Amino acid sequence: MRLHTYVTGPGLRRSAVAAAALGFMLASCELIFPAAPADDAALDGPVAGLTPEQHAQFLRGDVAFNDEVFTSRTGLGPVFVAASCGSCHAGDGKGHPSTTLTRFGQVDSTGNLFLARGGPQLQHRALPGFQPEQLPAGVAHSRFTPPANTGLGFLDAVPDQTLLALADPQDADGDGISGRPNWIQAPGYVTERPVTRTRGGRHLGRFGKKAAAYDLLHQTATAYNQDMGIVSSYEARDAHSGQLADPEVSNQTVLDVVDADAVIGSAGGTGAAVP
């Protein structure tokens, strides 16, 4: 004789409700969370074809970029925009309105007249005991969303002449884009490209908003200094006082970030290693 046990009454109803709720949650998660993107559509990760040594260097730079958060003990500030690289470029992607940068004082080719008053970038946060910078009254300024860090190595490989050929300052082709080359004073620590074009001693910028940096080393060292107040041997002056200061980040870390940025892929890219 086989005995059967049945659950009836409130206990059965509670079990049925719990099971229905769990099923609803699982179904909702499938609707809310998308499937993982294909490898060639992901924005965070290196291009294919790296050697083990190159991949190890990418990982070091990726950790320094995305995981290292500076504090007052490790050199942050005293005035700054963010405490880490990744806070403005989450997942190596584009910034958010909350991470918008403000540049001020540069109105034409004569130069920035507000460098002694915090220019060219507004550091709107400060450590306790310090005041964040304020825009000088009436100064010309612009707000910029931090760009994505993807595909920078491919841009670095484009010859100067190609960029100049793409310039269209008067929008002659009518596509609504009037790209202009930005001729900048490149710092002494950059290495000129094999075939570089200059104009009046100035070099062609290509990185950062308004193409204000010559290469990825220039962009990275300036970002450490202007965004986080971190002094390096490349940008050796404190962004707040303007005085020379001891490095707060090693050359190796800066170079690791440079090399990591150079090999981050781009969605829909070729997947080939950057030359």
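First, a word on scope: everything that follows refers to the structure included in this document.

About the cut-offs
- Residues numbered from 1 in each chain as written.
- Predicted model: local features only at pLDDT ≥ 70, side-chain atom pairs only at ≥ 80, totals over all residues.
- Heavy atoms only, no water.
- Helix = DSSP H or I, 4+ residues; strand = E, 2+ residues; numbered from the N terminus.
- Contact = heavy atoms within 4.5 Å.
- Pairing = 2+ DSSP bridges.

**Things to note about the environment of phenylalanine 58**
Stage number 1. Relative to the elements of secondary structure, phenylalanine 58 occurs in helix 2 (residues 52-66).
Stage number 2. Considered as a pair, phenylalanine 58 and alanine 260 are 202 residues apart in the sequence and their alpha carbons are 4.4 Å apart.
Stage number 3. In contact with phenylalanine 58, other than residues within four places in its own chain, are Gly45, Pro46, Ala260, Val263 and Ile264.

**Some details on unusual backbone geometry**
Stage number 1. The linkage connecting glycine 77 with the following residue, proline 78, adopts the cis geometry, with an omega of 15 degrees.
Stage number 2. Its place among the elements puts proline 78 in the loop between helix 2 and strand 1 (79-80).
Stage number 3. Along the chain, glycine 119 connects to proline 120 via a cis peptide bond; the corresponding omega equals 5 degrees.
Stage number 4. Mapped onto the elements of the fold, proline 120 is located in the loop between strand 2 (101-104) and strand 3 (125-126).
Stage number 5. Here the phi dihedral of aspartate 171 falls at roughly 50 degrees; this positive angle occurs in a residue that is not glycine.
Stage number 6. Considering the arrangement of structural elements, one finds aspartate 171 in the loop between helix 4 (160-166) and strand 5 (183-184).
Stage number 7. Of note, the phi angle at lysine 210 is positive, near 65 degrees, even though the residue is not glycine.

**Describing the sheet that holds strand 7 (residues 202-204)**
Stage number 1. The three strands lie next to each other as 5-7-6, forming an open sheet whose pairing is antiparallel. The open sheet has two free edges, formed respectively by strand 5 and strand 6 (198-199), since each of these has just one partner strand.
Stage number 2. In the sheet, strand 6 pairs with strand 7 via two bridges, with the strands oriented antiparallel. Among the inter-strand pairings, threonine 198 is bridged to a residue of strand 7, identified as histidine 203.

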